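An overview of the molecular structure
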Amino acid sequence: MKILREHISLLPYNTFGIAANARWFGSFSDTDELEELLASASGSPSFILGGGSNILLTKDIDGLVLKNEIRGVYELHEDQDHVYVKAGAGENWHEFVQYCLKRNWAGIENLSLIPGNVGASPMQNIGAYGVEVAEVFWSLEAFHLQEKKVVTFVLSDCQFGYRESVFKNKYKGQFVILNVTYRLRKKPVFHTSYGAIQQELERMGVKELSIQAISQAVINIRSSKLPDPKVTGNAGSFFKNPEIRPLQYELLKEKFPDIVAYSLVNGNYKLAAGWLIEQCGWKGYREGDAGVHPKQALVLVNYGNASGKNIYELSEKVLLSVKEKFGVELEREVNII
Ligand code: FAD
Ligand code: EPU
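Before going into details, it helps to say that this report is about the structure given with it. Keep in mind the model is a prediction, meaning the values are calculated, not measured. (Residues numbered from 1 in each chain as written. Chains lettered and ligands numbered in written order. Predicted model: local features only at pLDDT ≥ 70, side-chain atom pairs only at ≥ 80, totals over all residues. Heavy atoms only, no water.)

1. Topic: the environment of Lys186
Counting through the fold element by element, Lys186 comes out in the loop between strand E12 (175-185) and helix H4 (197-204). Judged by its relative accessible area of 33%, Lys186 is partly exposed. Put simply, Lys186 and His82 are 104 residues apart on the chain and 5.4 Å apart in space, counted from C-alpha to C-alpha. For Lys186, the side chain forms a polar contact with the side chain of Glu78, separated by 2.6 Å. (Helix = DSSP H or I, 4+ residues; strand = E, 2+ residues; numbered from the N terminus. Buried < 20%, exposed > 50% of the residue type's maximum accessible area, 1.4 Å probe, protein only. Polar contact = N/O pair within 3.5 Å; in protein donor to acceptor, adjacent residues only side chain to side chain.)

This is the structure we're talking about:
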């Protein structure tokens, strides 16, 4: 019988290392346990917790927090080119990537070392080094909290965008993702053009390209600039890279010739928010225990005892200064709770 626990510290459950408490807390490892917990609670959960690597807790939670611990990885079936793999939402993402690499299943090697769990991967449409999870997503099963039934979502239902999905928008707070099925390739299609991958592969002395080598290159690059949450609290990029129209880009480029931008297929431009923040003088800034990472200005950090409010207030200052200098409004990528 699953029971809810009262007054639980969420400090071990969020990578920002924020000390906040949940009035009620429970974990579940299958749908029956989830239903048991919901039956003993007085209302809907305040939020569902995965690995806690993309949340900023700005207050104590006066409601229910449910931690998804559904495990299991299953090879469902295969066709000529693909293998269909289902993973429980509570599986650690990077361990899942490694499991697939061992079997030579390709498609998620560029997403190596992203913290968090499988369940959040479609929620956030996680992305890195030129690949997004949407590209390998096949389907997911989610529990509808109001109707108390399991619903299947396929690619066209999810409205994936840059760090966006239907679960962050229209269906926010309505579903608990139970498991995700990915369609992985038996023959890899390599993505090495993004960022420093090619350079890193050369430095590693890789002669024959493989998904394992790409994964290692990504791990090396990430480890060199992103703070390890075990050492310094953070939730990865705090803001999204903003998308702007061509006219605004031309005007900015004239005024700031070094501006870092990528052209998009729709004609717009994506700006490197890290560059914008660095230009405003924030890189390495620290006030109390809240700070801007010295190696990656897009990452806000907790050096120890910062509160969620401290981090949020710093993010507000960063946001306002970027708006003032560049006329560009940053959007927070981290889920503010
Ligand atoms: P949580 O933080 O627990 O939850 C995130 C959101 O999803 C919350 O709103 C939560 O309620 C909801 N949620 C979680 N699980 C479920 C579920 N089963 N059902 C319903 N809702 C759910 N992200 C990238 O995309 N690319 C990166 O390169 C990247 N790098 C990072 C580097 C570092 C050092 C860190 C700390 C974070 C990074 N992130 C990155 C962000 C983060 O790892 C991802 O967003 C990850 O998918 C979050 O997973 P999680 O399980 O920790 O989610
Ligand atoms: N830059 C600076 N100063 C900085 C940081 C970045 O000038 O302090 C400029 C540099 O020119 C650099 C460019 O910005 O070349 C891009 O930086 P980086 O390669 O580190 O990537 P990013 O755009 O800052 C995005 C994702 C990351 C993802 C990487 C790699 C977002 C919001 N962030 O960061 O995702 O790992 O690309 O693909 O899209 C996350 O979502 O939490 C996350 C870490």
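2. Regarding the site of ligand 2
Lining the immediate surroundings of ligand 2 are 23 residues, of which Tyr129, Tyr162, Ser237, Glu278 and Gln296 lie closest. A distance of 2.7 Å separates an oxygen atom of ligand 2 from a polar atom in the side chain of Tyr162. The side chain of Arg163 places a nitrogen or oxygen atom 2.9 Å from an oxygen atom of ligand 2. Those elements that provide at least two residues to the shell around ligand 2 are helix H5 (211-225), strand E13 (233-237) and helix H7 (273-279). Here the element with the most residues in the shell around ligand 2 is H7; it accounts for 3 residues. Of the residues assigned to the shell around ligand 2, the class counts are 11 nonpolar, 5 polar and 7 charged. Residue-level mapping places the shell around ligand 2 at the junction of two domains, with at least three residues from each of domain 2 (73-185) and domain 3 (233-336). (Near = heavy atom within 4 Å. Nonpolar A, V, L, I, M, F, W, Y, C, P; charged D, E, K, R; others polar. Domains from an automatic or database assignment.)

3. Focus: the pattern of salt bridges
Inspection of every chain in the model, using the stated rule, returns 15 salt bridges. Of the charged contacts in the structure, one is a salt bridge between Lys317 and Glu287, with a shortest N-O distance of 3.0 Å. Separated by 30 residues along the polypeptide, Lys317 in helix H8 (residues 308-326) and Glu287 in strand E17 (residues 286-287) bring together distant segments of the chain. Given the relative accessible area of 38%, Lys317 is considered partly exposed. Each of Arg71, Glu91 and Glu95 takes part in salt bridges that share partners, so that together they form one network. (Salt bridge = Lys/Arg side-chain N within 4 Å of Asp/Glu carboxyl O.)

4. Some thoughts on the site of ligand 1
In the vicinity of ligand 1 there are 32 residues, among which Ile48, Gly50, Ser53, Gly127 and Arg222 approach most closely. The backbone of Gly51 places a nitrogen or oxygen atom 2.7 Å from an oxygen atom of ligand 1. The separation between a nitrogen atom of ligand 1 and a polar main-chain atom of Gly127 is 2.7 Å. The protein chains hide 94% of the 980 Å² of surface that ligand 1 would expose on its own. Contributing elements (two or more residues each) for the shell around ligand 1: strand E3 (47-49), helix H3 (120-124), strand E8 (127-128), E12 and E13. Residue classes in the shell around ligand 1 are distributed as 16 nonpolar, 14 polar and 2 charged. (Areas by Shrake-Rupley, 256 points an atom, 1.4 Å probe, with all protein chains shown as cover.)

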